[in-house]
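Chain by chain, the residues run as shown.
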Amino acid sequence: MADPHDVAFGARLLAIETTLRVLVEHISVSEPGVRDRVRDKLEDYLSGLDQASELESGFIRRTRAFTESILKIRKSSS
């Protein structure tokens, strides 16, 4: 059986990620460079981390992947 805390955490993350995707899509209509600005801010932060440890390297890799998932251009369903 799934842990109720994990289910609640997963539901929260799904809601946050879905909201961010919609907002990015909406904003990118009037500000086409918004995705690059997000990436630049992220890289500014990540560049200050110690990438020598396996834990930090994994954090950086996952952060980039999650961010790209949110920033990915979605094809409209219409």
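Residues numbered from 1 in each chain as written. Predicted model: local features only at pLDDT ≥ 70, side-chain atom pairs only at ≥ 80, totals over all residues. Heavy atoms only, no water.

Colleague: What's the story with the overall build of the protein chain in this structure? I'm lost.
Modeller: Each helix and strand counted, the protein chain has three helices and zero strands in total. Along the protein chain, helices and strands appear, N-terminal first, in the series α-α-α. A compact globule built from 78 residues would reach a C-alpha radius of gyration of about 12 Å, whereas the protein chain, at 15 Å, exceeds it by more than 25%. Expressed along its principal axes, the backbone C-alpha trace of the protein chain runs to roughly 40 × 40 × 15 Å. Counting over 78 residues, the protein chain shows a buried share of 17%. (Helix = DSSP H or I, 4+ residues; strand = E, 2+ residues; numbered from the N terminus. Rg over C-alpha atoms; globule rule 2.2 N^0.38 Å. Buried < 20%, exposed > 50% of the residue type's maximum accessible area, 1.4 Å probe, protein only.)

Colleague: I would appreciate a short explanation of the pattern of salt bridges in the present structure.
Modeller: If charged atoms from side chains of opposite charge come close, those side chains can pair. Taken as a whole and judged by the stated rule, the model has six salt bridges. The closest approach of N and O atoms between Arg39 and Asp36, which form a salt bridge, is 3.3 Å. In this pair, Arg39 and Asp36 both sit in helix H2 (residues 34-46), three residues apart, roughly one turn of the helix. Its relative accessible area of 26% is what places Arg39 among the partly exposed residues. Between Glu68 and Arg39 there is a salt bridge whose closest N-O contact spans 2.7 Å. With Glu68 in helix H3 (residues 54-71) and Arg39 in helix H2, the pair connects residues that are 29 residues apart, well separated along the chain. Linked by salt bridges that have partners in common, Asp36, Arg39 and Glu68 make up one network. (Salt bridge = Lys/Arg side-chain N within 4 Å of Asp/Glu carboxyl O.)

Colleague: Would you mind going over the packing of H2 against H3 with me for this structure?
Modeller: The packing of two helices is summarised by the inter-axis angle and the distance between the axes. Taken N-terminus to C-terminus, the directions of H2 and H3 make an angle of 170 degrees; their axes are 11 Å apart at the nearest point. One element, H2, and the other, H3, form an angle in the roughly antiparallel class. Touching Arg35, Val38, Arg39, Leu42, Glu43 and Leu46 of H2 are Phe59, Ile60, Thr63, Arg64, Thr67, Glu68 and Leu71, all from H3. Here the residues of the contact of H2 with H3 sort into six nonpolar, two polar and five charged. (Axes fitted to C-alpha atoms, helices over the stretch in contact; angles between N-to-C directions. Parallel < 35°, antiparallel > 145°, perpendicular 65-115°, else oblique. Contact = heavy atoms within 4.5 Å. Nonpolar A, V, L, I, M, F, W, Y, C, P; charged D, E, K, R; others polar.)

Colleague: Explanation requested: the side chain of Ser28 in the structure shown.
Modeller: Within the secondary structure layout, Ser28 lies in helix H1 (residues 4-30). Classification of Ser28 as buried rests on a relative accessible area of 14%. Separated by 2.9 Å, the side chain of Ser28 and the backbone oxygen of Glu25 make a polar contact. Dropping the residues within four chain positions of it, Ser28 is found in contact with Val34 and Arg35. (Polar contact = N/O pair within 3.5 Å; in protein donor to acceptor, adjacent residues only side chain to side chain.)

Colleague: Would you mind going over H3 with me for this structure?
Modeller: One turn of an α-helix holds 3.6 residues; hence residues three or four places apart share an orientation. Counted at 1.5 Å a residue, the expected span for H3 with its 18 residues is 26 Å, and the 26 Å between its end C-alpha atoms agrees. Buried residues of H3: Gly58, Ile60, Thr63, Thr67, Ile70 and Leu71, and no others. Summarising the contacts, the buried residues of H3 are in contact with H1 and H2. (Expected span 1.5 Å × (residues − 1).)

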